Amino acid sequence: MIAFILLVALAPLSHFVPSKRQRRQAQLREAAALAGLFVEFRPLPGSGPDTGNDPPVIYYGLRLAPSPGRGRRRSAWLRQGDNWRGVASREVPPAPLQGCPPPVLAASIDEASCGIYWREDGDTATVAVLRDILQRWQLQLDA
């Protein structure tokens, strides 16, 4: 009886123990931070208002240096299979995006960053691949 009472009393504390998925996400986000990327929740480019039914989409981005002499453009591309299509234009996607792993859903560039959108369906090796892609993209933008 005492053991049962203790279990009932301690049961609410189990909600504070991270799940396996939460531990994996924390590991991915830590790997991203150590690789120089930042992580944000962002709406998928071209999507409407959030209905609350879609799983969260995570943006892994790389900050871009300010460029006073030239304006940064705003562009986004959605991935459909192995192909990319522009969200608001027919602009050709950057070449580095062709090497994106399958979990990547979209990519975008704005004044401050370039990055990819995904649902964190991968491991730390996937984060390393994403970092390499974003660094190649950054070099292409600075050229």
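Before any of the text, the structure's been laid out above.
Calculation notes
Residues numbered from 1 in each chain as written. Predicted model: local features only at pLDDT ≥ 70, side-chain atom pairs only at ≥ 80, totals over all residues. Heavy atoms only, no water. Helix = DSSP H or I, 4+ residues; strand = E, 2+ residues; numbered from the N terminus. Buried < 20%, exposed > 50% of the residue type's maximum accessible area, 1.4 Å probe, protein only. Contact = heavy atoms within 4.5 Å. Phe/Tyr/Trp six-rings, centres within 6.5 Å; stacked < 30°, edge-to-face > 60°. Lys NZ or Arg CZ within 6 Å of the ring centre and 35° of its normal. Pairing = 2+ DSSP bridges. Axes fitted to C-alpha atoms, helices over the stretch in contact; angles between N-to-C directions. Salt bridge = Lys/Arg side-chain N within 4 Å of Asp/Glu carboxyl O.

Colleague: Looking at this structure, I do not really get the overall build of the chain. What am I missing?
Modeller: Counting secondary structure elements, the chain contains 3 helices and 6 strands. Secondary structure elements of the chain occur, N-terminal to C-terminal, as α-α-β-β-β-β-β-β-α. Relative to its 143 residues, the chain shows a buried fraction of 36%. Counting contacts in the chain only where the partners sit at least 6 residues apart, residues at least 24 apart contribute 64% of the total.

Colleague: Could you clarify how one ought to interpret the side chain of T126 in this entry?
Modeller: Take T126: it is sitting in helix α3 (residues 124–142). Those residues in contact with T126 that lie beyond four places of it in its chain are P101 and W118.

Colleague: I would appreciate a short explanation of the packing of aromatic side chains in the present structure.
Modeller: Two aromatic rings are characterised by how far apart their centres lie and by the angle between their planes. In the structure shown here, the tally under the stated rule is 4 aromatic pairs. For the pair F38 and Y59, a centre-to-centre distance of 5.8 Å together with 55 degrees between the ring planes defines the contact as tilted. Taken together, the positions of F38 in strand β1 (residues 38–41) and Y59 in strand β2 (residues 58–63) put the pair 21 residues apart, joining distant regions of the chain. Take F38: its relative accessible area is 11%, and that puts it in the buried class. Measuring from centroid to centroid gives 5.3 Å for Y60 and W118, while their planes differ by 90 degrees, and the two rings are edge-to-face. With Y60 in strand β2 and W118 in strand β6 (residues 113–118), this residue pair connects regions lying 58 residues apart in the sequence. Like Y60, the residue W118 is buried in the burial classification. Connected via pairs of aromatic rings, a cluster forms that spans F38, Y59 and Y117. Its end group placed over the ring of Y59, R42 keeps NZ or CZ at 3.7 Å from the ring centre. The positively charged end of R63 is found above the aromatic ring belonging to F38, 3.7 Å away from the centroid.

Colleague: How should I be thinking about the sheet that holds strand β4 (residues 83–86) in this particular structure?
Modeller: The strands that make up a sheet pair up through hydrogen bonds in the backbone, lying either parallel or antiparallel. Spatially, β1-β2-β6-β5-β3-β4 is the arrangement adopted by the 6 strands of the open sheet, whose pairing is antiparallel. With partners counted over all chains shown, the strands left at the sheet margins are β1 and β4, one partner each. Adjacent strand axes in the sheet meet at a mean angle of 25 degrees when their direction is disregarded. Pairing geometry for strand β3 (residues 75–80) and β4, over 4 bridges, is antiparallel. Bridging across to β4, R79 finds its partner in W84. Helix α2 (residues 20–34) contacts β1, β2 and β6 of the sheet and is inclined by roughly 10 degrees relative to β2. Packed on one face of the sheet, α3 meets β2, β3, β5 (104–109) and β6 and runs near 150 degrees to β6.

Colleague: What am I meant to see in unusual backbone geometry here?
Modeller: Only a minority of non-glycine residues have a phi that is not negative, and only a minority of peptide bonds are not trans. In the Ramachandran plot, E120 falls in the positive-phi region, its phi being about 55 degrees despite a non-glycine side chain. Mapping E120 onto the fold places it in the loop between β6 and α3. Judged by its relative accessible area of 0%, E120 is buried.

Colleague: When you look at the pattern of salt bridges in this model, what are you seeing that I'm missing?
Modeller: It is possible for side chains bearing opposite charge to pair when their charged atoms get close. For the structure shown, the criterion picks out 6 salt bridges. R42 is paired through a salt bridge with E40; the nearest N and O atoms lie 2.7 Å apart. Residue classification places E40 among the partly exposed positions, given a relative accessible area of 28%. One continuous salt-bridge network, built from bridges that share partners, spans E40, R42 and D110.

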